[in-house]
Amino acid sequence: MKCPCCGNVMEKGFIKSNHSIFWGKDRGLLSFDDDIRLTKFTFDIFIKGNFIESFYCSNCQKIIISLEQNHKPK
């Protein structure tokens, strides 16, 4: 994948966590109605962890995530 900011080739990788990963507009508490869940919840999340595929540009220091793989619109 090419970086949309600078055109360099981006490196494929994963954002990883032992919890669910969300995106929200503010830094406050999670608001499950307003926040976007980036990863699915599973009961073995604490053993296997949670991850979402992403692409990293070392030139721009940007990470791109596609929600298509793990997120279904409400």
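Residues numbered from 1 in each chain as written. Predicted model: local features only at pLDDT ≥ 70, side-chain atom pairs only at ≥ 80, totals over all residues. Heavy atoms only, no water.

Colleague: Before we move on, could you go through the pattern of salt bridges and cite the residues and values that matter?
Modeller: Summed over all chains, the structure comprises 1 salt bridge. The partner of glutamate 53 in a salt bridge is lysine 12, and the shortest N-O contact between them spans 3.3 Å. With a gap of 41 residues between them, glutamate 53 in strand E4 (residues 50-57) and lysine 12 in strand E1 (residues 11-17) connect regions that are remote in the sequence. With relative accessibility at 23%, the residue glutamate 53 sits in the partly exposed group. A residue is classified by how much of its surface remains accessible, and lysine 12, at 53% relative accessible area, is exposed. (Salt bridge = Lys/Arg side-chain N within 4 Å of Asp/Glu carboxyl O. Helix = DSSP H or I, 4+ residues; strand = E, 2+ residues; numbered from the N terminus. Buried < 20%, exposed > 50% of the residue type's maximum accessible area, 1.4 Å probe, protein only.)

Colleague: Describe the sheet that holds strand E5 (residues 62-65), and please don't skip the residues or the numbers.
Modeller: Strands sit in the order E1-E4-E5 across an open sheet of 3 strands; the sheet is antiparallel. Of all the strands in the sheet, just E1 and E5 have a single pairing partner and so form its edges. Averaged over all pairs of adjacent strands, the angle between strand axes in this sheet comes to 45°, irrespective of strand direction. With 4 bridges joining them, E4 and E5 adopt antiparallel strand pairing. Paired with serine 54 across the two strands is isoleucine 65, which belongs to E5. (Pairing = 2+ DSSP bridges. Axes fitted to C-alpha atoms, helices over the stretch in contact; angles between N-to-C directions.)

Colleague: Report on the pairing of E4, specifying residues and quantitative values.
Modeller: As paired elements, E1 and E4 share 7 bridges and run antiparallel to each other. Residue serine 17 lies in a different strand from E4, and its bridge partner there is asparagine 50. The turn joining E4 and E5, which pair antiparallel and follow one another in sequence, is formed by 4 residues; a positive phi near 60° is taken by glutamine 61.

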